[in-house]
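# Structural description and commentary
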Amino acid sequence: MSPDSGAISRDEVAHLARLARLAVTDAELDVFAGQLDVILGAVARVGEVAADDIPPTSHAVPLQNVFRPDVRRPGLSQEQALAGAPAAEEGRFRVPRILGEEQ
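So, here is what we can say about the structure in this document.

Rules used in this analysis
- Residues numbered from 1 in each chain as written.
- Predicted model: local features only at pLDDT ≥ 70, side-chain atom pairs only at ≥ 80, totals over all residues.
- Heavy atoms only, no water.
- Axes fitted to C-alpha atoms, helices over the stretch in contact; angles between N-to-C directions.
- Helix = DSSP H or I, 4+ residues; strand = E, 2+ residues; numbered from the N terminus.
- Parallel < 35°, antiparallel > 145°, perpendicular 65-115°, else oblique.
- Contact = heavy atoms within 4.5 Å.
- Buried < 20%, exposed > 50% of the residue type's maximum accessible area, 1.4 Å probe, protein only.

Contact geometry of helix 1 (residues 10-19) with helix 2 (residues 26-49) gives a least axis separation of 9 Å together with a crossing angle of 100 degrees. It follows that helix 1 is roughly perpendicular to helix 2 by the angle criterion. Side by side, helix 1 and helix 2 meet where Arg10, Val13, Ala14 and Leu16 of the first sit next to Asp26, Leu29, Asp30, Phe32, Ala33 and Leu36 of the second.

What follows is the structure, encoded as C-alpha cells:
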C-alpha cells in the first residue's frame, strides 16, 4: 500500500496478482483495488479497537476440560474380551488374511 495515499494502487494489485500467479484483466485490477481497500480498512479498524488491556481470546465463552477424571478401573480379562469374538485362536482375535501372505 502506498504510504502517503492510504489506498492500494492498481500497480500494487498487479504486483500481488503476479506474486499469486493470477491472470487478471485491467477491469479486474480496478475492482480488486477497491475490494482490497475495503478489506485493508476493516483490518485497520480492528487494529484500532484492539487494546493492550483486552486479553486475546480464542473462544467467545470460557471453555473447560470436559474429560472425566482418569481413574483406573478393572478391564476385561482375555477370556471376557474373546468371548464375543466371531473367531479366536491361541488367545487372540482371528481375522481374515488380507495381504495374501503364506504361512
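The structure having been displayed, the exposition proceeds.
Quick look at the environment of aspartate 11 now. By the element assignment, aspartate 11 lies in helix 1. Given the relative accessible area of 63%, aspartate 11 is considered exposed. Taking the C-alpha atoms as reference points, aspartate 11 and leucine 29, separated by 18 residues in sequence, lie 8.5 Å from one another.

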